[in-house]
Structure formats: C-alpha cells, structure tokens
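Here's the letter readout for the chains.
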Amino acid sequence: MFKFTMYAALAAVLMPGICNAQAQINGMVTGRDGQALSGAYVIIENSSGRTTTSFTDYAGEFRFNNLRDGTYPLMIRYLGFETYLDTIAVVSPSTQISIVLIPLPFLTDEVVVEATRLAPNAPATFQNIDKEELNKLNLGQDLPFMIGWTPSLVATSDAGAGIGYTGIRIRGSDQTRINVTVNGIPINDPESQGVFWVNMPDLASSLSSVQIQRGLGSSTNGSGAFGASINMETAGVEQEAGALISNSFGSFNTRRHTVQFNSGRLGNGFAMEGRLSQIASDGYIDRASSDLRSYYLSGGYYGEKTMVKAIAFSGKERTYQSWYGTPQSRLENDVDGMLTHAANEGYSEAQTENLLNSGRTYNFYRYENEVDDYQQDHYQLHATHMIAPQLKVSVAGHYTYGRGFFEQFREGEDLLNDYGKPYPVVGGETVFETDLIRRRWLENDFYGSTYSLNYQEGRHDFTLGGGSHFYRGDHFGEIVWAQFAGEVAHNERYYEGVGNKDDHSTYLKWQYGGGKWNLMADMQVRQVDYETFGIDNDLVPIDVKTDFLFFNPKAGVRYNLNSQSAVYAYLGRGNREPVRNDFIDAPEGVTPTFETLNNLEIGYNLIRPGIIVNINGYYMDYQNQLVATGELNDVGAIVRRNVDESYRAGIEGDVTFQIARRLHWNVNATFSRNKIRNFDEVVYDYSVDFDIINTRYTDTDIAFSPGVIAASRIMWEPVKNLELDLISKYVGDQYLDNTQNEGRKIDAYTTTDLRIAYSIENLLFKEIQVSLLVNNIFNAEYSSNGYTYSYIYGTPVTENFFYPQAGINFLAGLNLRF
C-alpha cells in the first residue's frame, strides 16, 4: 500500500466539487537529457486512499483512464532517480503532463549489479521481481517457492513443504545449470555447480530485487548459465530509518521469527541494515525437520561520487535427511510391491516394517541423528566511484567459508572393503560386518574479486568487467562410532580428498539505446583450472588435473514498432565444464568433455493501458550435453556421458491484464519440446554373468522437462488495505530418465494457493500486516521430483522413487513495522 498523507489531505479538500465526467491522464516521463524512461512505476491515489498503478511504455508514456475531474496525488519511481511526488489537476476529457525525473544525488546500490544485469530494454528474455513482490509471499519458504509462479519454473522440496532442501528447474534445467549470484558474486558451488538454498535461509527478507534471465542471458560471474540466471540484489539504502518484526506459524509445526532494522541514509552519507532470522519446521515427510538460522548485516557510505558497502550474511542449517525419496509401491499402497522392493534392497525387518506402516510421508531414514549439518558465511565488500559523469568503476571482493557434514547410521558395513580398516577380532572371532555411524565432511574456502568499468556516452553504454574466483575444498569422512571398532579410533578419517578450482573471466558489453533501436553485444572469455586428488569416499584414488578456455559471445537487437510494442532477437553461445562427479566417477580411460549451448531467442513485447504482453520463442541447441545413461563405473557410481546432440525448443507467453482498477490477472505458459536425438541406455543383468544390455532410443524427451508449464495469478484488492492473491500452477508430465518410458514418469499436477493479507497503518505501529497463505487449497496429491533405476535379475526390474509434496497446508504471519 502506498500512502501520501500530505497529498491525500490536499486532495480531500479539493475533491468534493468534482463532477461525474470521465477524464484521462496522458503523461510522459524522461530524464534530464530528454531520454524516455520506460518501465517507470506510476501511481495515483483517489480521495478514498485507493491507488491505481501503471508503467511507462517504450516511449516513456503512460495513461490513466476513467477518472473523475479533480486533483490526484501522483508518485513516479525509477531506479537511480529521485521519487517524484506531486498533485495534478485532472479536467475532462484529458490532461497532458510531462515529467522530468532528477538523478539521485548519491550512488545507489543498483550500481553493484548493473554490470551483470540486463537493462530494461535489453533484447533478451528476462523478468524482474521487486522487493514489494518478494515480501508478499515471504512467510518462511525458500526463494524457489516464492518465485514459483514465474514462467517456465518448477520448484520442489525434499521435505514436501518448501522449507529445508529445495530445488528449482527453469526450462527443464536444474540448478546446477542455473547461474546464481548475490550482488554479482557467484553462489553456485564451484565443484558440483549446484545451489543449496538451505544454506541461505530467509535471504529473501534481505533482498531488494531479483532478475531471472531465461536462456544464456548476459555474461555473468561464476559457472556457466545453461538454462537461466538468477541475479539477486541485497537490500539498498532506505531514506528513512525503520524496523520490522516478522513472525509466522503454520502446518507441520512451522515457525519463522525475523527481526530487521535499517538506519536510513544518515546525514553523513552512511547507512546500516541488519537482520536475524530463525526458521524451523517438522516437514511434511516423516522426520524431515529443519532448524535454520541466519543473519544479514550491511553498512555503507553513499556519496555523490563514491559508494562503499560491506556485507556479511550467514546461514546455519540442521536438517533431517529426506533425500532418499518414496518408492512408487509405497505411494500406491501396493503391499506386494513393497515386499518385493524390501527383498530386492535387502531391508532388515525394522526397515521393512517402516516401509509397510508409513504412508505418503514415508522416510527411509530412522536413525535419530541422520542429519545434514552445515554453515556457510559470506563476506562481500563493494566499492564504486564515479570518475566522471560518463565513467564509473566498481570493484568487489568476496570470501565464503563453508563447513559441515551429514551423519549416517549404516548397518552391516564391511570395515575392510568399505572403509579400509582391519576387521576387528572379538572373543577370538573375526567380525566381518558391523553397524557404525559415519560423517562425511566438506570444508571449503571460496574467495575472489570482481570488477567493472562502465562508460556511457550519448546512447552508447560500454562495460568492461570480469572476475577471478578461487575455490579450495576438503572432502573427508569420519567413523564416529562402530559396534565392533577393533583398531578404529573415534572420529578417525577413512578417506580424504582435495578439490581446487580457479575461475577467471573477462567480458566486454556494449549497449545502444534510443529511438527505434536497442542493440547489445557481449563477449566473454572464461578460463577454468580444476584439480582434485586424494582418496574419494568409495576409497578409490582420484587424480584429475584439467583446464578449459571458453569464448562465450552474445548479441541482440530490439526494434520498437511504436511507443507501445517492440520485437527482439537474441543469439548467444555458452560453454560449461563438467562437474566434480563427472571426473571422479568416469570409467577408467574415459574423460568427460565440456558442454556447449547455442541459444536463439525471438520475442515480442507490448505495454499499453490495461495489458502487458511478453511472448518469446527459444531454441537451445546443446552439443555434448552430459546426461545419466544408467551406466555404472567399477565401484557402482552413476556415470554421466556426453551425448552428441540435444535441444530445447519452446514458446513462452506472459500476459498481465488489468481487468479493473484493483483487479489484475497474470497468466503465463510454456509449451516446449526437449529432445535427445540419440540416447543409449545401459542396463545391467545381474542374473548370471553381469551382462550389459545397451538399448538405443531416438528423439526421446530429456528427463525432468515437462512439455507444458503454466501459471495463473489473480490479484485483487476488494477494499483498501485488503489483498487477495490466487496462484495456480500446472506442470505437465515429466520423465524420470531419458528413455521416454511411460512407466518412469512424474504425472502432471496442478496446485492452487491462496494468499490473504490485511494492513493497518499508523495504529501503534507504522504498519501492522496480518497475512494467511493456504498452499494447495484443493489438497492435490502429487510429487514434483523423483528418480529411477533399472536392472535385470531374472526378469527386468525398474524402481521408481518420488518426492511427495504436502496436501493442503497453511502459513499465517504477523508483521509489525516501525
């Protein structure tokens, strides 16, 4: 809710004499240089305090229709400019206004991310989500669930309720192929290239915006983007001091407690902001509990030509493991199937009873301390200086320290073959198997720097940037306890390995904007050096030393058909190195090679009163994509192989309608084909001679790539300060592997969530907001993730596992703003 108290009071005096004539406002927004500012946020308020919003189009123009004659408070916001506040007198039939926004007298936080972000008129496919939008859905769930309504996105949760270990796919690409940055600093784990949202609990509370770039997007820092990029910007300086206390409670004993403060911009140009958070949940899946704690602290100096900002944030998570999944027979309540599964896997009597007596919430793990325990501390220092009005330089340094383990209880382990320890002798008898507890550790340091030099002259914008990042990771395992320990000491390490990775990149970007044309050229050179050595967790010696040199060019053009519509085309090429497991699990004599993506995007945009339309087609052509084939190496680890040709092709549509002044409807949909031209599946026959069966498939669907993804979001404010938000999501069938086998898939599902929020202003607090989020209101039974494997033991056997998601559940929140 936006409230302009002084202006509303003035409007209340002037409005009684208005007539019933219908009038409109036609306006234009520019900068001091006369350049049109498209995408500016324009808001007017009527006599009852209700607001109506609009955006400027590509010519910087906006319009409000169906108004009564009178005087209205007006507010216009645009990044990097002072907020415009005034009242305008509206007289039928129309009122024409021109507004010039004034640049802020100090550098803003946006300069930290602008080198890696796409500009508003960039010829590429992207979406911006601001802080207000993030706050609406922030009741403790991880960011993937908060942005789950956006195009082509599928979110999933191991614990089934959006808290703990969560995952994200965009255009079918998982989070190892999605480049994620915070203030331009890489977040992807350098070795696995994955993103672990559980290590950053409640980070959304400290964000000011998120940009999702679908496809290759622009050059960024860190791992290669092979499906999308998620660029997060932490909270910027506020003009006024304030504080916020947030509490939420909900299903599965979920609770979230957050305290935030900001100093506002002080007279000397300094500003501070901080946050403490705790999130806990029992999870939907049995025992899938989460205990998450985090903090965020930033302090900076904001001058006319210089900005320096230090940021520290940390996350500590302790989650009970639920990554094993639920067998298909358990979900279907197939007793014979469950008994067969238990026999095939060699389950003990207790494990079999756990399977038979559980429901959809089955969790294989029963040991009370079967947990993942990890902490990650992030430190960033950013500095920007405006050398001249057209020239500014930004540098940043970063350091991330991560350490933690997951603990497991293991039954009947072979100390010699599995852990390299001598068999214990008890009472004169050699013991070949023992129960034990082990911890597998990861301790790592990730540090480096980024830079950018930006020069703007007229309609030309040049950026030279890049960074160097260094990762040093230690992998080791400890035996914490053994029933028959023999010579094994407490916390004795049974394997140790090291992974080192250096990543250097340089990019040069050019953007041209103005008039009918917007052009973009982007060239990046990236060098990766990786080595790992020591002993892996399966006791196999590892010795990998490799390097890659990539050239990643991108270019795009946008043409404004008129002031309200435009078309664009984008063409880019990206390369990506294999992950750690691709190297260490590769069969002897096989070396995985890098993957290449050629990405074409063609789109159409329309901004006009009452409707915003974004439609684009994409073609993503992969060379040497790494996929799981079912093949195992000599110690039973899953192997990924390069496949020659594969592609993703689709159409994305995203349309927002203003049905009424306070009623908006957003609908988006993706229709795609995701194919591997030739795929060889490997299945092992364990019956007699351990034969290997190879089957070739042609033109099969890529795993976890639904052909249809759609979402609908209806936003309504029936009365002042009351918001209703109805969000529906449809995800089509997803195959669990690359064989397109109907017996190995996740069925399509639809979920609908309802959000209700009511705010009270200036009653004891600056604002009191009560909110309720009811997830899955129609109680759909569905799974959003899974895996499969097949083998032959007399007859063919296929085992499917799924991750069931919660039925109807709720979160209720109370925010107190000072």
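Computed from a prediction, not measured in an experiment: that's the story for all the values here.

Further remarks concern the overall build of the protein. When helices and strands are tallied, the protein shows nine helices and 44 strands. A globule of 818 residues ought to have a C-alpha radius of gyration of about 28 Å, and the protein, at 28 Å, matches this closely. Once the C-alpha set of the protein is aligned to its principal axes, its extents read approximately 100 × 55 × 50 Å. Counting over 818 residues, the protein shows a buried share of 56%. Taking all contacts inside the protein whose residues are at least 6 apart in sequence as the whole, residues at least 24 apart take part in 66%. Accessible surface computed for the protein: about 33200 Å², of which carbon and sulfur atoms make up 55%. Here the protein carries 64 positive and 97 negative side-chain charges, and the mean point of each set is 10 Å from the other.

With that out of the way, let us pick up the nonpolar core. Grouped together as the largest cluster of nonpolar side chains are 27 residues, with contacts concentrated most on Trp197, Ile230 and Met232. Looking at this core, the elements that each hand over two or more residues are helix 4 (143-146), strand 9 (153-157), strand 10 (166-170), strand 11 (178-182), strand 13 (207-214), strand 14 (228-234) and strand 19 (306-320). Beyond its immediate sequence surroundings of up to four residues, Met232 is in contact with Val113, Arg117, Leu143, Val180, Thr181, Val182, Asn183, Trp197, Leu203, Leu207, Ser209 and Val210. One finds Phe64, Ile76, Ile88 and Val90 within the second-largest nonpolar core, a separate group that totals 20 residues.

Think of two packed helices as two axes; the pair is described by the angle between the axes and how far apart they sit. Where helix 6 (residues 335-345) contacts helix 7 (residues 349-356), the axes come no closer than 10 Å and their chain directions differ by 150°. By the angle class used here, helix 6 and helix 7 are roughly antiparallel. Of the two elements, helix 6 crosses helix 7, and the hand of that crossing is right-handed. When helix 6 is examined against helix 7, the residues Val335, Met338, Leu339, His341 and Ala342 are found in contact with a partner set consisting of Thr352, Leu355 and Leu356. Looking at the contact of helix 6 with helix 7 residue by residue, the class counts come to six nonpolar, two polar and no charged.

This part covers the packing of aromatic side chains. By convention here, two paired aromatic rings are described through the distance between centres and the angle between planes. Counted by the stated rule, this structure contains 39 aromatic pairs. When the ring of Trp517 is compared with that of Tyr559, the centres are 4.7 Å apart and the planes differ by 50°; the resulting orientation is tilted. One end of the pair, Trp517, is in strand 28 (residues 517-535); the other, Tyr559, is in strand 29 (residues 541-560), with 42 residues separating them in the sequence. The structure contains a cluster of three or more aromatic residues connected by ring pairs, namely Tyr324, Tyr347, Phe364, Tyr365, Tyr684, Tyr686, Tyr787, Tyr789, Tyr791, Phe801 and Tyr803. The residue whose ring lies beneath Arg713 is Trp149, and the NZ or CZ to ring-centre distance is 4.8 Å.

As a further point, take the pattern of salt bridges. Within the structure shown, the criterion is met by 43 salt bridges. The salt bridge partner of Glu411 is Arg366, with a shortest N-O separation of 4.0 Å. Placement of the pair is Glu411 in strand 22 (residues 391-413) and Arg366 in the loop between helix 7 and strand 21 (371-388), with a sequence separation of 45 residues. Here Glu411 falls in the partly exposed class, since its relative accessible area comes to 36%. On the basis of relative accessibility, which here comes to 38%, the residue Arg366 falls in the partly exposed class.

Let us now look at empty space enclosed by the protein. Counted under the stated rule, the structure contains twelve cavities of 30 Å³ or more. As a volume, the largest cavity reaches approximately 460 Å³. Forming the walls of the largest cavity are 29 residues, and the residues nearest its centre are Phe145, Thr751, Asp753, Asn775 and Tyr782. Among the secondary structure elements, those contributing two or more residues to the lining of the largest cavity are helix 4, strand 9, strand 37 (722-731), strand 40 (749-763) and strand 41 (765-775). Split by residue class, the lining of the largest cavity holds 15 nonpolar, twelve polar and two charged.

Further remarks concern helix 7. Residues of helix 7 that are buried include every one of Gln351, Thr352, Asn354 and Leu355, and no others. Considered in projection along helix 7, the buried side chains sweep an arc of 160° and stay on one side of the axis. In this structure, the buried residues of helix 7 make contact with strand 20 (326-327), helix 5 (328-331), helix 6 and strand 22.

Averaged over all residues, the pLDDT of the protein equals 90, while 96% of them reach at least 70. For the protein, the element scoring lowest by mean pLDDT is helix 1 (residues 5-14), at 36; strand 36 (residues 708-716) scores highest, at 97. Below a pLDDT of 50 lies the segment residues 1-20, which in the model reaches 40 contacts outside its immediate sequence neighbourhood of four places, other chains included.

On the basis of which strands lie adjacent, the open sheet formed by three strands has the order 4-1-7 and mixed pairing. In this open sheet, the two strands that pair with only one neighbour each are strand 4 (61-68) and strand 7 (94-100). Direction aside, neighbouring strands of the sheet carry axes that sit 20° apart on average. Of the pairings in the sheet, the one linking strand 1 (residues 22-30) to strand 4 comprises six bridges and is antiparallel in character. The partner of Ile25 across the bridge, within strand 4, is Phe64.

Assignment of secondary structure puts Ala59 in the loop between strand 3 (51-55) and strand 4. Through-space distance from the C-alpha of Ala59 to that of Met28 is 7.8 Å; in sequence the pair is 31 residues apart. Not counting residues up to four positions away in its chain, the partners in contact with Ala59 are Met28, Ala36 and Ser563.

Judged by pairing direction, the sheet is antiparallel, and its four strands sit side by side in the order 3-2-5-6 without closing on themselves. The sheet terminates laterally at strand 3 and strand 6 (84-90), the two strands that pair on one side only. Strand-to-strand twist of the sheet, defined as the mean angle between neighbouring strand axes without regard to direction, takes the value 25°. The sheet contact formed by strand 2 (residues 41-45) and strand 3 spans five bridges and is antiparallel. Bridging across to strand 3, Val42 finds its partner in Ser54.

To continue, consider the pairing of strand 1. Pairing of strand 1 with strand 7 involves seven bridges; the strand directions are parallel. Within strand 7, the position partnered with Gly27 by the bridge is Ile97.

Okay, the side chain of His378 next. Along the chain, His378 turns up in strand 21. Excluding residues that lie within four positions of it along the chain, His378 makes contacts with Ile187, Met200, Ile311, Ala312, Phe313, Tyr399 and Thr400.

What you see with strand 18 (residues 290-302) is a clean split: Ser290, Leu292, Ser294, Tyr296, Ser298, Gly300 and Tyr302 sit on the buried side and Asp291, Arg293, Tyr295, Leu297, Gly299 and Tyr301 on the side with no burial. Relative to strand 18, strand 17 (residues 270-281) runs antiparallel, the two sharing twelve bridges. Bridge assignment links Ser277 to a residue of strand 18, and that residue is Ser294. Where strand 18 lies against strand 19, 13 bridges are found, and the strand directions are antiparallel. The residue bridging Leu297 from the neighbouring strand is Ala312, located in strand 19.

Thresholds, definitions, all that
- Residues numbered from 1 in each chain as written.
- Predicted model: local features only at pLDDT ≥ 70, side-chain atom pairs only at ≥ 80, totals over all residues.
- Heavy atoms only, no water.
- Helix = DSSP H or I, 4+ residues; strand = E, 2+ residues; numbered from the N terminus.
- Rg over C-alpha atoms; globule rule 2.2 N^0.38 Å.
- Buried < 20%, exposed > 50% of the residue type's maximum accessible area, 1.4 Å probe, protein only.
- Contact = heavy atoms within 4.5 Å.
- Areas by Shrake-Rupley, 256 points an atom, 1.4 Å probe, with all protein chains shown as cover.
- Lys, Arg positive; Asp, Glu negative; His and termini not counted.
- Charge placed at Lys NZ, Arg CZ, Asp CG, Glu CD.
- Core = buried A, V, L, I, M, F, W, Y, C linked by side-chain atoms within 4.5 Å.
- Axes fitted to C-alpha atoms, helices over the stretch in contact; angles between N-to-C directions.
- Parallel < 35°, antiparallel > 145°, perpendicular 65-115°, else oblique.
- Left-handed = near helix turned anticlockwise from the far one by under 90°.
- Nonpolar A, V, L, I, M, F, W, Y, C, P; charged D, E, K, R; others polar.
- Phe/Tyr/Trp six-rings, centres within 6.5 Å; stacked < 30°, edge-to-face > 60°.
- Lys NZ or Arg CZ within 6 Å of the ring centre and 35° of its normal.
- Salt bridge = Lys/Arg side-chain N within 4 Å of Asp/Glu carboxyl O.
- 1 Å grid on protein atoms, 1.4 Å probe; cavity = no way out; pocket = protein on both sides within 12 Å on 5 of 7 lines; lining within 4 Å.
- Points joined across faces, edges and corners; volume = space filled by probe spheres on them.
- Arc of directions from axis to C-beta.
- pLDDT = per-residue confidence, 0-100.
- Pairing = 2+ DSSP bridges.

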